[in-house]
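Here are the chains, one letter per residue:
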Amino acid sequence: YPKIVSIQNSYSLVVRKDYEAGLSEACYHYNVGLLPYSPLASGTLSGKYRSAEVRESNQPRLTKFPGFMDRYLNSQNEQ
């Protein structure tokens, strides 16, 4: 089998538990790199979706999958 040299996981300041809870040790041990996708949490960490006007708009990115953006916008880190 070919050697795995990288993985691509969701990783940002909001969604980092899975990687830091054990996957980082496995990557270090096996010399595997991380190619993070969605490092800005689908744009929410950029502040683009903070205004109520943008969140209430009928954009497919925000409304197609109910609850998807809530995991970023209503983070326990903000409380």
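Everything below is about the structure printed above this text.
Below, the structure is looked at part by part.

Definitions and cut-offs
- Residues numbered from 1 in each chain as written.
- Predicted model: local features only at pLDDT ≥ 70, side-chain atom pairs only at ≥ 80, totals over all residues.
- Heavy atoms only, no water.
- Helix = DSSP H or I, 4+ residues; strand = E, 2+ residues; numbered from the N terminus.
- Buried < 20%, exposed > 50% of the residue type's maximum accessible area, 1.4 Å probe, protein only.
- Contact = heavy atoms within 4.5 Å.
- Salt bridge = Lys/Arg side-chain N within 4 Å of Asp/Glu carboxyl O.
- Patch = residues over 30% accessible without salt bridge, like charges linked within 9 Å, V, L, I, M, F, W, Y side chains within 5 Å.
- Areas by Shrake-Rupley, 256 points an atom, 1.4 Å probe, with all protein chains shown as cover.

Counting its regular elements, the protein contains 4 helices and 2 strands. Residues classed as buried in the protein amount to 19% of the 79 residues present. A separation of at least 24 residues holds for 62% of the contacts in the protein among residues at least 6 apart in sequence.

A word on the environment of Leu35. With respect to the helices and strands, Leu35 occurs in the loop between strand S2 (33-34) and helix H2 (52-56). Along the chain, Leu35 and Ile7 lie 28 residues apart, while their C-alpha atoms are 6.0 Å from each other.

Attention now moves to the pattern of salt bridges. Considering all chains together, one arrives at 1 salt bridge under this definition. Linking Glu20 and Arg16 is a salt bridge whose minimum nitrogen-to-oxygen distance equals 3.3 Å.

There is a patch of nonpolar side chains on the surface, built from Leu13, Leu40 and Leu45 and spanning about 290 Å² of accessible area. Residue Leu13 is classed as exposed on the basis of its relative accessible area of 61%.

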